[in-house]
Amino acid sequence: MLNLFWVKYMLKICIFSSAFFLLPSTLILGIQTKQVQAIYLSNNRVTTSQINRNILTQAPTASASNLELQAQKLFEKGDFSASIPLLEVAINNYATQGDNYSQIRALRNLGLVYLKLGKWQDTEIALNNCLNLIQQISNTQKTKKITASVLEVKGQLELSIGQAEAALDTWKEASQIYEKIGDFLGFTRSGINQAQALQALGLYSQAFKQLTRAKQNLEEQPDTIVKAKALQSLGDVLRGIGQLSESQKVLESSLIIAEKLQATEEIAIIWMSLGNTAILLDNPQAANLFYKRAIEESLIVEIKIQAMLNQLNLVINQKQELTAKELVTNIDDSLNQLSVSQPGIYARINLAQNLIEFRKEVLANGNNKPLYPPAKIADYLVIAVQQARNLGDARAESYGLGTLGTLYEHNQQWNEARELTEKALILAQGINATDIVYQWEWQLGRILTVTGNKNEAIVAYSQSVKSLQALRSDIVAISSELKFDFRDSVEPIYRELVELLLQPATPGKKDISQKNLKRARQVIEALQLAELDNFFRNSCLDAKPVEVDRVDKNAAIFYTIVLRDRLAVILAIPEKPLVYYSTKISRAEVNSKVETMLQALTFPQKRIFIENYLEPATEIYQWLIYPAEELLRDNKIETLVFVLEGRLRSIPLASLYDGQKYVIENYNVAIAPSLELIDPKPLARKKLEVLGMGITESRQGFPPLPNVRQELEDIQAEASSEILLNESFTEKEANTEVADTPYQVIHIATHGEFSSNVEDTFILTWDDRINVEELRSMIKSGVQQTRPVELLVLSACRTATGDDRATLGLAGVAVRAGARSTIASLWYVSDEATAVLMKNLYEQLIDPKITKAEALRRAQRKILRDAQAREVNSEFEHPYFWSTFVLIGNWL
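Scope of this entry: the structure provided in the associated data block.

Each value, and the rule that gives it
- Residues numbered from 1 in each chain as written.
- Predicted model: local features only at pLDDT ≥ 70, side-chain atom pairs only at ≥ 80, totals over all residues.
- Heavy atoms only, no water.
- Core = buried A, V, L, I, M, F, W, Y, C linked by side-chain atoms within 4.5 Å.
- Buried < 20%, exposed > 50% of the residue type's maximum accessible area, 1.4 Å probe, protein only.
- Contact = heavy atoms within 4.5 Å.
- Phe/Tyr/Trp six-rings, centres within 6.5 Å; stacked < 30°, edge-to-face > 60°.
- Lys NZ or Arg CZ within 6 Å of the ring centre and 35° of its normal.
- Helix = DSSP H or I, 4+ residues; strand = E, 2+ residues; numbered from the N terminus.
- Expected span 1.5 Å × (residues − 1).
- Arc of directions from axis to C-beta.
- Pairing = 2+ DSSP bridges.
- Axes fitted to C-alpha atoms, helices over the stretch in contact; angles between N-to-C directions.
- Left-handed = near helix turned anticlockwise from the far one by under 90°.
- Nonpolar A, V, L, I, M, F, W, Y, C, P; charged D, E, K, R; others polar.
- Salt bridge = Lys/Arg side-chain N within 4 Å of Asp/Glu carboxyl O.

1. Notes on the nonpolar core
- Among the nonpolar cores identified, the biggest contains 276 residues, and L502, F558, L624, L656, I748, L775 and W891 are the most heavily contacted of them.
- Residues in contact with L502, not counting those within four places in the same chain, are I512, L517, A520, L563, R566, A568, I570 and Y580.
- One finds A148, A174, I177 and Y178 within the second-largest nonpolar core, a separate group that totals five residues.

The structure is reproduced here in structure tokens:
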């Protein structure tokens, strides 16, 4: 797992690579004059001694101009320090001549060099001198372009020191200037930079729009570095929002242009971006190859180190110890070539973090003599912390101290770990770096837990969750980059806090306070929202706290969460104290039992004997519902609503078995992705208007659904309906129909699949596939749609096999589509059984006296009873045929 700070730093690296020297008469953007091209593409090496001789022998005017060209060549090769004396002499020459305009240009270039070296104060001084000199030039028309170019570097400085919002404003100002003077390339370049700032702020959707505009503007333009950079940035954003295949295509287009222009630095960065996308495409072999190409291609040490660190992270995850050892040696050698700078600081911290993970892996494999002892890892961090202090980089210092705290934590040196973590936290809080703060609050919570400081640990964990909630959009953006794993780096914070809150005050007893139960319920709700945010790569869900009493006085809400050693349930019954109970069982055991239940449902050979299903269905009932049976009866509960997580989302709750009856024979059942996402209004059914759509024939490799026609005709017989069947069911036709008529119910009878990956979640149309966002747009597009669609029915979908979080896709469709409720299938069953169930469902839905949950329950119970009475196919008695459909969202 690569860490948050490295992802942030990589964004900055990409920003820096889009900066170019301003040279006399031209801006190096891939459209150089022949003279500059000759210098830029020359294979002759320029040494420092040669440069010094040139300085002494050339005339002042010629010297200043040529020195800038030579400095630019050194800059492109990554020899930043050697370019400084050239620029300083050029600046002095221009000052002697009274050439303010050229002096501003050279100062701006010097600021850019200092920026690459991580010398923030020197950069700021150079840029301030530029702006002061600009004020002394009376011809403001002449200074507009140079002003914009200075603002570009200023924006890069602001992003480097963690001021992404300020950088965005600065680049907007530069963009406005370029637009006014008609500088197309400058305008486009500023737009690209704005997109990078938006990424750093976690605003990926806005960044995507910005870069899409830039791409469209550049399509008819000649191939330039700016064009390559725009495509590379767009590829990164596409990866950030989960569009991985498109990310790869765009990055490949960027690479073609960069190679055509022989832009070695940009080529290396694109190879790294391709590697990052390949990792998320689960293609580590390709990623490894791409990182190697980046290492071979780049002449800049910082980029080589970055690529090697990415490669190191990859080989550690693949447990390739010998390759990892060789890479560490190469990284170590390269680090020694760096001067004190931000890239060197962050590289050392990242190397230390990788080695900490490597050490854990080696120890876990039983090797008591790991390759990298703690003292060696600590050396990297101590150097990084000291260098960060020297540069005045509080963010980097916080990362270094906090990571040193992590090292001590792993070495079980608790006092030192706590002290370092608290120092790192104070530094991060001092610069309002919430993206760092939450990590150190979590680390502090872990340390306090181990040392027995439960109350302090709860405070630390609670603060970490609060920081995460403030960072919803940022975490979404970052978590999609470089395999930043939500399950490893965000989800555990919520689980560990719930575990602390649900610890009894007295060991061996169950005396958990109502305050802690309420807080635990809130944290479970927050985890549900965080998972959905992560699924969509967008913090766009509008969550509002809702009390169960306000929703339905006859409903009980079951909050479930699988902790380290138990399955915990918090039960909320209207106007009653919260109830807590648990089953001592591991997550692996829960998952195994759920898998046994699902196999007994979906494997034909196991369906032969109903006992194969009833055994796990009874046991899971014992976990979730049995301890509350008496309370449910005493409070006259009619509807059971479950806020589930993990593999428990995959089970058909309606067919859990109490030893005598299925749950559906006693209660209505609904699933709430989060109660905070429930719109507590009942279905208005004065006259039910239904849009039915479906496919009966085989399309795109999916089998035919011959009974869909009867299914839609039966719906039409029960309610006012418009039908789009086969060739009529295209996305375009559906959009037109929804736009013209305000339907209460949209019923889609076609193949579809729910996955934990939003890219792989889709619904089949006649000629295409509709993804989650397209479905949402379709449902919300109608000008006549003055209120949300009440019910979305997906009658032939399934969850992806082999995907332990596939039902997150089902919940995601239900929430994102914008309908108040969704009825969908967990697995695909025969369309004959589906047609019967749907006929039953719509017979019930037209009754205004019952809830949607009651309507689904009656429809499912009727199939069960009719099968038992042999009035329909007797096979339908098995839960496989009737329990696949679940109600998600508003159950009223």
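2. Some remarks on the packing of aromatic side chains
- Summed over all chains, the structure comprises nine aromatic pairs.
- Where Y880 meets F881, the ring centres are 4.8 Å apart and the plane angle is 85 degrees; that geometry is what we call edge-to-face.
- The exposure class assigned to F881 is buried, which follows from its relative accessible area of 8%.
- Among the aromatic side chains, those forming a connected cluster through ring pairs are W827, F876, Y880 and F881.
- Between the NZ or CZ atom of R446 and the centre of the ring of W442, over which it lies, the distance is 4.7 Å.
- One Lys or Arg, R607, reaches over the ring of Y880 and ends 3.7 Å from the middle of that ring.

3. Points about helix α29 (residues 587-602)
- In a regular helix each residue adds 1.5 Å, so 16 residues correspond to 22 Å; α29 covers 22 Å between its end C-alpha atoms and thus fits that length.
- Those residues of α29 lying buried are V590, K593, V594, M597, L598, A600 and L601. Summarising the axial view, the buried residues of α29 lie within an arc of 160 degrees, below the 170-degree limit, and thus occupy one face.
- Contacts made by the buried residues of α29 are with β3 (555-562), α30 (604-607), α31 (611-624) and α39 (879-882).

4. Overview of the pairing of strand β6 (residues 639-643)
- With respect to burial, β6 is a largely interior element, five of its five residues being buried.
- Burial along β6 is two-sided: the residues T639, V641 and V643 and L640 and F642 are all buried.
- Direction of pairing for β3 relative to β6: parallel, over a ladder of five bridges. Within β6, the residue paired with A555 across the bridge is T639.
- Two elements, β6 and strand β7 (residues 668-671), share four bridges in a ladder whose sense is parallel. Residue pairing in the sheet places F642 in a bridge with I671 of β7.

5. So, the packing of helix α23 (residues 454-470) against helix α26 (residues 491-501)
- Their axes nearest at 10 Å, the elements α23 and α26 cross at an angle of 145 degrees. Crossing handedness for the pair α23 and α26: left-handed. For the pair formed by α23 and α26, the contact residues are K454, A457, I458, Y461, S462, S464, V465 and L468 on the first element and I493, Y494, E496, L497, L500 and L501 on the second.
- Among the residues forming the contact of α23 with α26, the class breakdown is 10 nonpolar, two polar and two charged.

6. A few points about the pattern of salt bridges
- For the coordinates displayed, the defined rule picks out 33 salt bridges.
- Between E499 and R566 there is a salt bridge, and its shortest N-O distance comes to 3.8 Å. In this pair, E499 sits in helix α26 while R566 sits in strand β4 (residues 566-572), placing the two residues 67 residues apart along the sequence.
- E499 gets classed as buried once you look at its relative accessible area, which sits at 10%.
- R566 gets classed as buried once you look at its relative accessible area, which sits at 13%.
- A salt bridge links D565 to K584; its shortest N-O distance comes to 3.7 Å.

7. Regarding the pairing of β3
- Taking burial as the measure, the eight residues of β3 include eight buried ones, the bulk of the element.
- Sheet analysis places β3 next to β4, joined by six bridges and oriented antiparallel. Bridge pairing in β4 places V562 opposite L567.
- Here β3 hands over to β4 after three residues, the two strands then running antiparallel side by side.

8. A look at unusual backbone geometry
- Although it is not a glycine, K319 adopts a positive phi angle of roughly 60 degrees.
- Located in the positive-phi region is N432, a residue other than glycine, with phi close to 55 degrees.
- Along the chain, the position of N432 falls in the loop between α21 (414-430) and α22 (434-450).
- Owing to a relative accessible area of 67%, N432 belongs among the exposed residues under this scheme.

Geometry only, nothing functional implied.
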